[in-house]
Amino acid sequence: MSLNFPFDPVERAAEVESLVMKDGKRLYYRFRAAPYYGGIATADAIGCSFLCAYCWNYFRNLNPARFNKFYSAQEVAENLLKIARKRSFHLFRITGSEPLLGEASLEHLIGLLKIIFREQPQSVFILETNGFFLGCRKDLIEKLIFKNLWVRISLKGVDEESFELISGVKREFFQYPLAALKELEKEGMKAWPAVMRDLFTDEEIGRLEKTLQEHGIGAGLEEEGLEEYPFVSENMKKRNVQRRGQ
Ligand code: SF4
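Residues numbered from 1 in each chain as written. Predicted model: local features only at pLDDT ≥ 70, side-chain atom pairs only at ≥ 80, totals over all residues. Heavy atoms only, no water.

Enquirer: Can you walk me through the overall build of the protein in this structure?
Expert: The helix and strand inventory of the protein stands at 9 helices and 9 strands. Whereas a compact globule of 246 residues would reach a radius of gyration of roughly 18 Å, the protein reaches 17 Å, a difference of no more than 12%. Counting only C-alpha atoms and orienting by the principal axes, one finds that the protein spans roughly 45 × 40 × 35 Å. Expressed as a percentage of its 246 residues, the buried residues of the protein come to 54%. Considering only intrachain contacts with a sequence separation of at least 6, the fraction spanning at least 24 residues in the protein is 77%. Here the protein displays about 11,200 Å² of accessible surface, and carbon together with sulfur accounts for 48% of that area. Across the protein, the 35 positively charged side chains and the 35 negatively charged ones have centroids separated by 6 Å. (Helix = DSSP H or I, 4+ residues; strand = E, 2+ residues; numbered from the N terminus. Rg over C-alpha atoms; globule rule 2.2 N^0.38 Å. Buried < 20%, exposed > 50% of the residue type's maximum accessible area, 1.4 Å probe, protein only. Contact = heavy atoms within 4.5 Å. Areas by Shrake-Rupley, 256 points an atom, 1.4 Å probe, with all protein chains shown as cover. Lys, Arg positive; Asp, Glu negative; His and termini not counted. Charge placed at Lys NZ, Arg CZ, Asp CG, Glu CD.)

Structure (structure tokens):
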């Protein structure tokens, strides 16, 4: 895939979705028990509308066409439920990618949620997303109203400039994840913003918190820590993204 920074995420999402979705099935490369959130059944998928300098799945997301193992929602659910039963987990997620690229990936996710919540009604599914699709297509948020679906939106920057530098996406799209958060709260869904703490100063984090307040977003800001694998350091250097925080 050709990619010039900064890029249009609408075009990229459509292109990536055409590569990672086939007949309702999506590209995944691994299913595992992960230690995060105290233990969570995790599906690692491929394909994102962004290409963050710090992404730990950078090279798979850069070029998803190299992969070819597609799974139906039923197959993904079976893999995750098997892990959850074995480890007594009640939490589920998809990671390493953007679960929501367009309507095909949305329908795949809905299919997966229906099976998980039918088989383990007390489970919680944490939707880890960059928030772009939900901000763009607020009309589709109602399709995701499930009692135990929690939405964690990773904000890539504290303002338009840092958003563009870090995510690779044109700066004017900075507002979309914020719009998604506001709409999710309006719908009464549990949703919160997260940010990569190591990339920002205290003053910048304070500024982001003020921006969230100005948008009427009540949820607190989660601070993520950078997992700096050697290739992550290399990509950050190439993209001129530096550690600035604690
Ligand atoms: S939004 Fe997440 S999955 Fe997508 S490129 Fe950024 S870090 Fe990777």
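Enquirer: I'm lost on the packing of aromatic side chains in this one. Help?
Expert: A ring pair, where both rings are aromatic, is described by two values, the distance of the centres and the angle of the planes. In the structure shown here, the tally under the stated rule is 15 aromatic pairs. Through successive ring pairs, a cluster of aromatic residues spans F50, F132, F163, F173, F174 and Y176. Residue placement shows K190 over the ring face of W150; its charged tip is 4.7 Å from the ring centre. Sitting over the ring of F5, R239 keeps its end group 4.2 Å from the ring centre. (Phe/Tyr/Trp six-rings, centres within 6.5 Å; stacked < 30°, edge-to-face > 60°. Lys NZ or Arg CZ within 6 Å of the ring centre and 35° of its normal.)

Enquirer: For this particular structure, what's the right way to read the environment of E209?
Expert: Of note, E209 is situated in helix α8 (residues 202–214). A C-alpha to C-alpha distance of 22 Å links E209 and Y54, two positions 155 residues apart in sequence.

Enquirer: When you look at the pattern of salt bridges in this model, what are you seeing that I'm missing?
Expert: Side-chain pairs of opposite charge can arise where the charged atoms are in close proximity. Counted by the stated rule, this structure contains 20 salt bridges. Across the salt bridge formed by R207 and E203, the nearest N and O atoms sit 3.1 Å from each other. Of this pair, R207 and E203 both sit in helix α8, 4 residues apart, roughly one helical turn. A cluster of three or more residues bridged by salt bridges with shared partners is formed by R30, R32 and D44. (Salt bridge = Lys/Arg side-chain N within 4 Å of Asp/Glu carboxyl O.)

Enquirer: Is there a simple way to explain unusual backbone geometry in this structure?
Expert: Negative phi characterises most residues that are not glycine, and trans characterises most peptide bonds. That bond from F5 to P6 is cis: its omega, -15°, falls within 30 degrees of zero. Among the secondary structure elements, P6 is positioned in the segment before α1 (9–20). At Y37, a residue that is not glycine, the phi angle is positive and equals roughly 55°. Note that Y37 resides in the loop between β2 (25–34) and β3 (40–45). The phi dihedral of N240 is positive, around 60°, even though this residue is not glycine. Examined against the element boundaries, N240 turns out to sit in the segment after α9 (230–238). Residue classification places N240 among the exposed positions, given a relative accessible area of 52%.

Enquirer: Before we go on, may I ask you to explain the side chain of R26 in this structure?
Expert: Here R26 lies in strand β2. Within the buried core, R26 has no salt-bridge partner, and the shortest N-O distance to an opposite charge, that of E17, equals 6.5 Å. Here the side chain of R26 touches I46 through a polar contact of 2.8 Å, landing on its backbone oxygen. (Polar contact = N/O pair within 3.5 Å; in protein donor to acceptor, adjacent residues only side chain to side chain.)

Enquirer: Sorry if this is basic, but what is going on with the environment of K138 here?
Expert: Note that K138 resides in the loop between α5 (132–136) and β7 (149–155). The sequence separation of K138 and A73 amounts to 65 residues, and the corresponding C-alpha distance is 23 Å. When neighbours within four sequence positions are excluded, K138 is seen to be in contact with A179 and E183.

Enquirer: Explanation requested: the layout of surface pockets in the structure shown.
Expert: Using a probe with the size of a water molecule, rolled over the atoms, empty space left in the structure can be pinpointed. In this structure, the largest pocket encloses a volume near 830 Å³. W56, T95, E128, R152 and E224 are the residues nearest the centre of the largest pocket, which is lined by 33 residues in total. Residue composition of the lining of the largest pocket, grouped by class: 13 nonpolar, 9 polar and 11 charged. The calculated volume of the second largest pocket comes to roughly 250 Å³. Lining the second largest pocket are 13 residues, and of these S162, L165, L199, E204 and R244 lie nearest its centre. Among the elements that line the lining of the second largest pocket, the one with the most residues is helix α6 (residues 160–167), at 4 residues. (1 Å grid on protein atoms, 1.4 Å probe; cavity = no way out; pocket = protein on both sides within 12 Å on 5 of 7 lines; lining within 4 Å. Points joined across faces, edges and corners; volume = space filled by probe spheres on them. Nonpolar A, V, L, I, M, F, W, Y, C, P; charged D, E, K, R; others polar.)

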